[in-house]
Amino acid sequence: MTITAAHISPIVALIAGILILIMPRFLNFIVAIYLIVVGLAGLGVFKMLRF
């Protein structure tokens, strides 16, 4: 399976949800990282890097 920008958002959301359940103190960091990754994916940065 080829991972595209459409696949990154749900994968990151799943990982973030699991981490929030395990470590609720890190909610701010997890949300910030999620937003950065989704923003980069939306801009097409990962396509340029061949991810």
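What you are looking at is a predicted structure, and each value in this text was computed from that prediction instead of being measured. (Residues numbered from 1 in each chain as written. Predicted model: local features only at pLDDT ≥ 70, side-chain atom pairs only at ≥ 80, totals over all residues. Heavy atoms only, no water.)

Points about the overall build of the protein
Right, so step 1: When you go through the protein residue by residue, the secondary structure sums to three helices and zero strands.
Right, so step 2: When its helices and strands are written in sequence order, the protein yields α-α-α.
Right, so step 3: Each principal axis of the C-alpha atoms in the protein carries an extent, and together these give about 35 × 20 × 15 Å.
Right, so step 4: Buried positions account for 14% of the 51 residues belonging to the protein.
Right, so step 5: Carbon and sulfur atoms make up 77% of the accessible area of the protein, which amounts to about 4,200 Å² in all. (Helix = DSSP H or I, 4+ residues; strand = E, 2+ residues; numbered from the N terminus. Buried < 20%, exposed > 50% of the residue type's maximum accessible area, 1.4 Å probe, protein only. Areas by Shrake-Rupley, 256 points an atom, 1.4 Å probe, with all protein chains shown as cover.)

Section: the environment of L14
Right, so step 1: Here L14 lies in helix 1 (residues 5–22).
Right, so step 2: Linking L14 and G42, residues 28 residues apart in sequence, is a C-alpha distance of 18 Å.

What about a nonpolar patch on the surface?
Right, so step 1: On the surface, I3, I11, L14, I15, I18, L19, L21, I22, M23, F26, F29 and I33 cluster together to form a nonpolar patch covering roughly 1,200 Å² of accessible area.
Right, so step 2: Of all elements in the fold, only helix 1 and helix 2 (27–43) reach the threshold of two or more residues within the nonpolar patch.
Right, so step 3: Ranked by residue count, the leading element in the nonpolar patch is helix 1, at seven residues.
Right, so step 4: Counting through the fold element by element, I22 comes out in helix 1.
Right, so step 5: Note on I22: relative accessible area 59%, which makes it exposed. (Patch = residues over 30% accessible without salt bridge, like charges linked within 9 Å, V, L, I, M, F, W, Y side chains within 5 Å. Salt bridge = Lys/Arg side-chain N within 4 Å of Asp/Glu carboxyl O.)

A word on the confidence of the model for the protein
Right, so step 1: In this model, the protein carries an average pLDDT of 78, and 90% of its residues clear a pLDDT of 70 or more.
Right, so step 2: The spread of mean pLDDT over the elements of the protein runs between helix 3 (residues 45–48), the lowest at 74, and helix 2, the highest at 81. (pLDDT = per-residue confidence, 0-100.)

A word on the environment of I20
Right, so step 1: Topologically, I20 is positioned in helix 1.
Right, so step 2: Ignoring sequence-local partners within four residues, the contact set of I20 consists of L27 and I30. (Contact = heavy atoms within 4.5 Å.)

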